[in-house]
Structure formats: structure tokens, C-alpha cells
Amino acid sequence: MRLIAAHGLSVRLGAQLALHDIDLAVERGEIVTVVGPNGSGKTTLLRALVGAVAPAAGRVEQAPGLRIGYVPQRLHLDSTLPITVARFLRLGARRRNGSIARALEETGVPELAKRQMTALSGGQFQRVLLARALLAEPDLLLLDEPAQGLDHPGMAALYRLVGAVRDRQGCGVLMVSHDLHVVMGATDRVIALNGVIWCEGPPVAVSSAAEYRMLFGEAEPGALAFNRHTPEDGCSTTS
Amino acid sequence: MLDDFLTRACLAGIGVALAAGPLGCFVVWRRIAYFGDATAHAAILGVAISLAFSMSTVIGVLAAAVAMAVAVSTLSGRGLAMDTLLGVASHGSLAVGLVAVAVASPRAIDVEAYLFGEILAVTRGDLAVIWGGAAAVLGLVVWRWPALLTATLSPELARGGGISPEREQLVLTIAIAVLVAVSIKVVGALLITAMLIIPAAAARPFSGTPERMAAAAALIAVASVFAGLAASWRWDTPTGPSIVTLAVLFFAVSCSLGALRRKAG
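Residue and element names in this part refer to chain A. In this sheet, strand 2 (residues 16–27) lies alongside strand 1 (residues 2–13) in antiparallel orientation, the contact comprising eight bridges. Counted as the bridge partner of A5 is A25 from strand 2. Between the antiparallel neighbours strand 1 and strand 2 lie two residues, among them G14 with a positive phi of about 65 degrees.

Structure representation (C-alpha cells):
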């Protein structure tokens, strides 16, 4: 079942066209990862999907009654504001203590409820944010760089957790990452983005595709011409 | 009971303290102390306007404070460095205000009363205005509490939850302006920011949740009013500054105890 889809989506930020003619869809139960260099429009794409920025062209289609759990990028909490994990999770909506405990259990940090948010490690913090997104009982999780600031084992553990959450809750996941190699084992499909969709497909296919390597400066531009539209590499280009 | 000027002073101080404590927490959390200063200093300009048009001081001060608060908060994030902008607005309005008061008033008036407050001269009418304003501010903060808190924690999270951070900022801005307007008689334009920041800062080391910090800040502010009035009475010191001095004392004690407790823990 299709949860969310973008059709010919373009987004303008000021004078600049941040996204151009994006087509994508996320199905229930699948994990889709958007990769791309800094400034490639990854965060803008998520924000356009949740309706936080209006499209300049095209449209976003959501399944009726779709519940989205959104984890934004770069959340900095000021240490002058004391707040426990449990209180943080109760923000904005009345939650029962039971559901908060369950959400923390689900993300593997049940012991943190009474800790101060600013005393958490990077990994713990991201897990609490994920727990917060799960409280909305989402059909679709939108995660913007969920593993930012973590070391490699921490990243791998977090992506395993995202996979486990998907398996248990049966939700769809659309996440943003700038490191395909770490996220490879945890994702069903990869979209390489740089303003436009450069290529998309299974992670192995995308990581070996010339478009992807060129996007990250690992291949010469000339290589693109030879690899474009070769069906056997499994990576479909949209140009 | 209200015939006693000391009773009226106590009640006026408590009214301001109860609203300043929780509101001050937001000033501390959002790091907008300088913004509070700019709003408070604009009050002097408001005094000049009231004198020039011979209208109620509260109205003139409220108008000037709201205008300044809205102007500064609209100009923020438009390329100018915020601290520079606030420095200009804050000291500019104070200086222009003092000049304007001197020009506007036909006879020499006691500007000091507006700068440092005149809590011992609070009338019954003043009391009504102070409690009315303080109740409005407190009511606004309690009513908007979840949205204000979320927007303060993270604008991004707020937007994700359907809360407009800009709207909540405007709510805070206006609340600060109202508090400034009604408390100018109690602690004056120069010290109202102190009543916002110091009790909240003193409450921080012993608060685990935002709600507890707001309640503790209100309590500390009330205690400062009582202790400050008592000290002023006993040693014949200026009352507004005495209240703030006591608040600073509470802050110092609280920080020391907080540091000790961290060391022990």
C-alpha cells in the first residue's frame, strides 16, 4: 500500500530551485533512504513531504489518514531548560506513562525516562527522538539524518533499530543519510539526490552506479555516458 | 488593610513576582535577556509620550513597550546581528526617552521613580493595574504553556507538531511588554529585567522539569520582594534595588548549593 508519493515535485527556496521534478513513493513496510551531498535538498524534500514547505510545482499525495512520525535534523536543546526524557515525550500531547515506557522500550532505552535530556549521549538522544516519533503511532517514519553525530558502531546499531521498528510496527520509513555505505544493509531502496533524482534502486546497484559515484566525486563525468540506461546494473536513472 | 503603604507595596511586589518568575524562565531559556532590556527601556519613551499627551502612564508605557517588542522581534533574523540591533534599540530608546521626558514635562519630574520604581508609593489604583496585568500575563503563559514550551525547546519540533514558533514568540513578546508596563512602578525600567532573569536563574539548579523551574522562580521572586522590602525598611535603602539585591543573593546561594550538590553527586 502506497503511503506517500511525490509527483513532479519542485521546491523553490528563495531564488534557488532546491528540488526539481521529483517523483518518488514509499510503500508500507519498506525502508527508503535518500542519499546526497550537503545542500542536495534532502531535508527540503522531507519538509516538502510533510507540508512544511509549499511546492513550486507538482504535488504530494498522502494516503488518507496517514500518520507521520517526523524526526527533524540537528535538534539542539539548551541546557538552561531542565527537562526529563519522560516530560519531553509528553510535550505537545497527553500521553499515558504506559505508552511512553513502551516507546522507550521499543527503541532500546527503557532506563532513560527520568534522565535529563541534556545529559544524554548522542545515541541515546537519537533513540529518544525516535521514541517520540513512535508515540504518534505512525504509518510512516520520516527520519532526517537519524544517525548524525554517532560513531560507526553507533550508526550501525541505530539503523538496525530502525529496521527492527519497521518489522514490528509495519510502518514505512523514509530517511535521509549522507553515507550510503553505513546505511546499505538497513535499507530496501536508495534514492540518490542532488536537486534532481540522479538514480534510484537497490543499495548495491546504486552504490556501484556511475551516477552515484559521480555525485560523490568518485568517478569521472565521462563515465556517466557509458553507464546510463544499462538495465543490468539495476539502477534506474531519471534523466 | 490596604490603607497601609507597606501592605500595598508587598501586594504590588507579589503580583509582579508571580508573573515575572514563570515568564522569566522563558527569557532565560530563549536567551533573550537583552530583548527584555530593550522592551523595558522603551518604557521610558512611553513615559515621555504619556506626559506629552497627558494620558495615563500605563497606557503610554504599554504602547511603547509593545511597539518596541514587536519591532525588535520582527526585525530579528533579517540579516542584522541581533545583539547589535538590540543594543541600538535598548540604549537608543533609553536615551531618547530621557531626553523626551525632559522636553515633554513642563516642570522637573522625578525620572528616577520610573528608572528604579517607587514601590512604597503604590496606590490602590496602581495595585489594581498591577494585579490585572500580572494575572493577564500569568493566564497567557499558563494557557499557552505546552505550545510556548515546545516552540522554546525546538522550533522544528513545534512546526512538526502543528505549532507556529512565530506566533508563540509574539505571545511571549507581548507578555513581556505587558509585564514591563505594569511593573514600572514597582522596580522601574532599569530593574524589571532583573526580576525576570534572576529568580529564574536561581531556580535552575534545583529544577528537573520546566514546570518546577517556573514555580520555583515565582517563589524565589516573591521571597525576594518580602526580603527586599524588609531590608529596605530596616536599613533605609532604596526599595527596588534592595529587592533585586536580595534576588541576587538567592541566586548566589542557589548556584553555590547546586555546585556543591553536583560535586557530592
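This paragraph deals with the pattern of salt bridges. Enumeration over the complete set of coordinates arrives at twelve salt bridges over all chains. Between R189(A) and E200(A) there is a salt bridge, with the nearest N and O atoms lying 2.9 Å from each other. With R189(A) in strand 8 (residues 189–194) and E200(A) in strand 9 (residues 196–201), this residue pair connects regions lying eleven residues apart in the sequence. Two residues, E168(B) and R144(B), come together in a salt bridge whose shortest N-O distance is 2.5 Å. One end of the pair, E168(B), is in helix 8 (residues 165–183); the other, R144(B), is in helix 6 (residues 124–153), with 24 residues separating them in the sequence. The buried category is assigned to E168(B), whose relative accessible area is 0%. Residues joined in a network through salt bridges with shared partners are E30(A), R189(A) and E200(A).

Residue and element names in this part refer to chain A. Split into domains, chain A comes out as domain 1 (2–67 + 138–237) and domain 2 (76–136). Listed per partner, the contact involves 15 residues of domain 1 and ten residues of domain 2. Both sides of the domain 1 and domain 2 interface together cover about 1,000 Å² of buried area, and 64% of this is carbon and sulfur. Counting the surface domain 1 buries against domain 2, the share from its top three residues, P138, L150 and L161, is 36%. Run the count over domain 1 and domain 2 and you get one salt bridge. Residue R168 pairs with E106 through a salt bridge whose shortest N-O separation is 2.7 Å.

What follows deals with the nonpolar core. Considering soluble globular proteins, one finds that nonpolar side chains tend to be buried as a cluster. Formed by 128 residues in total, the largest nonpolar core has its most connected members in F88(A), M117(A), V128(A), L141(A), L23(B) and W29(B). No other element matches helix 1 (residues 5–29) of chain B, which puts 14 residues into this core. Aside from chain neighbours lying at most four places away, what touches M117(A) is L77(A), I83(A), T84(A), V85(A), F88(A), F125(A) and V128(A).

Residue and element names in this part refer to chain B. Among the secondary structure elements, S254 is positioned in helix 11 (residues 239–264). Judged by its relative accessible area of 7%, S254 is buried. At a separation of 2.5 Å, a polar atom in the side chain of S254 contacts the main-chain carbonyl oxygen of A202. If we skip the residues at most four places from it in the chain, S254 touches A202, P205 and F206.

It is worth spelling out the pairing of strand 1 of chain A at this point. Two faces, one strand: in a regular strand the side chains alternate between the faces of the sheet. Sheet topology places strand 1 of chain A next to strand 4 (residues 57–62) of chain A; five bridges connect them, and they run antiparallel. Looking at the pairing, S10(A) lines up with A57(A) of strand 4 of chain A.

Rules behind the numbers
Residues numbered from 1 in each chain as written. Chains lettered and ligands numbered in written order. Predicted model: local features only at pLDDT ≥ 70, side-chain atom pairs only at ≥ 80, totals over all residues. Heavy atoms only, no water. Pairing = 2+ DSSP bridges. Helix = DSSP H or I, 4+ residues; strand = E, 2+ residues; numbered from the N terminus. Salt bridge = Lys/Arg side-chain N within 4 Å of Asp/Glu carboxyl O. Buried < 20%, exposed > 50% of the residue type's maximum accessible area, 1.4 Å probe, protein only. Domains from an automatic or database assignment. Contact = heavy atoms within 4.5 Å. Buried area = accessible area lost by both parts, 1.4 Å probe. Core = buried A, V, L, I, M, F, W, Y, C linked by side-chain atoms within 4.5 Å. Polar contact = N/O pair within 3.5 Å; in protein donor to acceptor, adjacent residues only side chain to side chain.

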